[in-house]
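Architecture and fold: a report
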Amino acid sequence: MAVSSFARPASRPEDIDALLTGVERYNPDKIGVLEDYLAHQCANPDPATNHDIMANLALLKMYQFNPTMLDIDVVRRILAKALISTGDFNLCLYLLTDDICQDPSISKLLALREHLERAQFDAFWKEMEDDDEEESAVDGIAGFDKGLRKLIINEITSTFQTVETQLVGKMVNLDEEAVLRLAKEQGWSVSNGIVSLPLKAENEAKTTVIKENVKFEQLTKILGAANDI
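Residues numbered from 1 in each chain as written. Predicted model: local features only at pLDDT ≥ 70, side-chain atom pairs only at ≥ 80, totals over all residues. Heavy atoms only, no water.

1. So, the pattern of salt bridges
Once their charged atoms are close, side chains differing in charge can pair, the charge on each being opposite to the other. A complete count under the given rule lists ten salt bridges for this structure. One salt bridge in this structure joins Asp52 and Arg12, with 2.7 Å as the shortest N-O distance. Of this pair, Asp52 sits in the loop between helix 2 (31-43) and helix 3 (53-65) while Arg12 sits in the segment before helix 1 (14-21), and the two are 40 residues apart along the sequence. In terms of burial, Asp52 and Arg12 fall into one category: buried. The salt bridge involving Arg76 is made with Asp73; its shortest N-O contact spans 2.8 Å. Taken together, the residues span about one helical turn, with Arg76 and Asp73 both in helix 4 (residues 72-83) at a distance of three residues. A network of salt bridges, in which partner residues are shared, links Arg8, Arg12, Glu14, Asp17 and Asp52. (Salt bridge = Lys/Arg side-chain N within 4 Å of Asp/Glu carboxyl O. Helix = DSSP H or I, 4+ residues; strand = E, 2+ residues; numbered from the N terminus. Buried < 20%, exposed > 50% of the residue type's maximum accessible area, 1.4 Å probe, protein only.)

Have a look at this one:
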């Protein structure tokens, strides 16, 4: 069973939890506290423990109430982290104005999100590599590539039973040797350039039999109505 993004992460400090659940939640004097907590999340490379969506949403809400205190680079880092967490990116967008979304770093993340939603993983990596800005849209996010690959691997295992190693390499942006190591880590079998994935509910083809139970009385009404047309 998947754990809700709104459940308290084990890595959340007590003082942050007290802030999020108490009367200080919308105190603008606490913006710096949440910004420091975000910096701590960004420095942690482990995707299993480095994302606290509730704290980051609370920070965006504070910016919404106090626009003069907004730090666009903080917003960028919140969105970059949400990009590799299913569903969290849109939650963040609801708290942003059109002006914020037009910032070059934010619009870049919106374009990257579009590629992910369409499963255009090859295009995603290409756009990342073509980023000619002085700073990348995902700069300062430790473990970003690892978290993104984890997300893509979940899509691969939910979609394919077999897939070419070359295609896997394009989707996760790894060379052939690295793909073979990845397959071993994931317990996939590889033969003649084809990766075979374990069957699961999402990728297993099942025959669906549709049976309609139409009573004779209903059929006569339908035929009678057809004759009246």
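2. Considerations on the environment of Tyr37
Locating Tyr37 in the fold gives a position in helix 2. With 24 residues separating them in the primary sequence, Tyr37 and Pro13 have C-alpha atoms 9.1 Å apart. Apart from the residues within four sequence positions on either side, Tyr37 is in contact with Ser11, Arg12, Pro13, Ile16, Asp52 and Ala55. (Contact = heavy atoms within 4.5 Å.)

3. Regarding the side chain of Arg25
Mapped onto the elements of the fold, Arg25 is located in the loop between helix 1 and helix 2. Within the buried core, Arg25 has no salt-bridge partner, and the shortest N-O distance to an opposite charge, that of Asp17, equals 8.6 Å. There is a polar contact of 2.9 Å between the side chain of Arg25 and the backbone oxygen of Leu20. At a separation of 3.2 Å, a polar atom in the side chain of Arg25 contacts the side chain of Tyr26. Leave out the neighbours within four places in its chain, and Arg25 touches Leu19, Leu20, Met54, Ala58 and Met62. (Lys, Arg positive; Asp, Glu negative; His and termini not counted. Polar contact = N/O pair within 3.5 Å; in protein donor to acceptor, adjacent residues only side chain to side chain.)

4. As for the packing of aromatic side chains
Scanning the entire structure with this criterion turns up two aromatic pairs. Summarising the aromatic geometry, the rings of Tyr26 and Phe65 are spaced 5.7 Å apart at their centres and angled 70 degrees between planes, so their arrangement reads as edge-to-face. Residue Tyr26 is located in the loop between helix 1 and helix 2, and its partner Phe65 is located in helix 3; the two are separated by 39 residues in the primary sequence. (Phe/Tyr/Trp six-rings, centres within 6.5 Å; stacked < 30°, edge-to-face > 60°.)

5. Some thoughts on the layout of surface pockets
In this approach, a probe sized like a water molecule rolls over the atoms, and the result shows the empty space that is left. Here the second largest pocket is characterised by a volume of approximately 290 Å³. If you tally residues by element for the lining of the second largest pocket, the top one is helix 7 (residues 104-117), at three residues. When the residues that make up the lining of the second largest pocket are grouped by side-chain class, the tally is seven nonpolar, four polar and three charged. (1 Å grid on protein atoms, 1.4 Å probe; cavity = no way out; pocket = protein on both sides within 12 Å on 5 of 7 lines; lining within 4 Å. Points joined across faces, edges and corners; volume = space filled by probe spheres on them. Nonpolar A, V, L, I, M, F, W, Y, C, P; charged D, E, K, R; others polar.)

6. Observations concerning the packing of helix 1 against helix 2
Helix 2 packs onto helix 1 with a crossing angle of 130 degrees between their chain directions and a minimal axis gap of 11 Å. Of the possible angle classes, the one that applies to helix 1 and helix 2 is oblique. Seen along the crossing, helix 1 lies across helix 2 with a hand that is left-handed. Of the residues in helix 2, those in contact with Ile16, Leu19 and Leu20 of helix 1 are Val33, Leu34 and Tyr37. (Axes fitted to C-alpha atoms, helices over the stretch in contact; angles between N-to-C directions. Parallel < 35°, antiparallel > 145°, perpendicular 65-115°, else oblique. Left-handed = near helix turned anticlockwise from the far one by under 90°.)

7. Regarding the nonpolar core
The biggest cluster of nonpolar side chains holds 58 residues, and the ones touching the most others in it are Leu34, Leu109, Phe124, Phe144 and Leu148. No other element matches helix 3, which puts eight residues into this core. Apart from residues no more than four positions distant in its own chain, Leu34 is found in contact with Ile16, Leu19, Leu20, Ala55, Ala58, Leu59 and Met62. (Core = buried A, V, L, I, M, F, W, Y, C linked by side-chain atoms within 4.5 Å.)

8. Observations regarding helix 1
Think of an α-helix as 3.6 residues a turn; residues three or four steps apart then line up on the same face. Buried within helix 1 we find Ile16, Asp17, Leu19 and Leu20. Seen end-on, helix 1 carries its buried residues on one side only, within an arc spanning 160 degrees. Of the exposed residues in helix 1, the ones pointing more than 90 degrees away from its buried face are Glu14, Asp15 and Thr21. (Arc of directions from axis to C-beta.)

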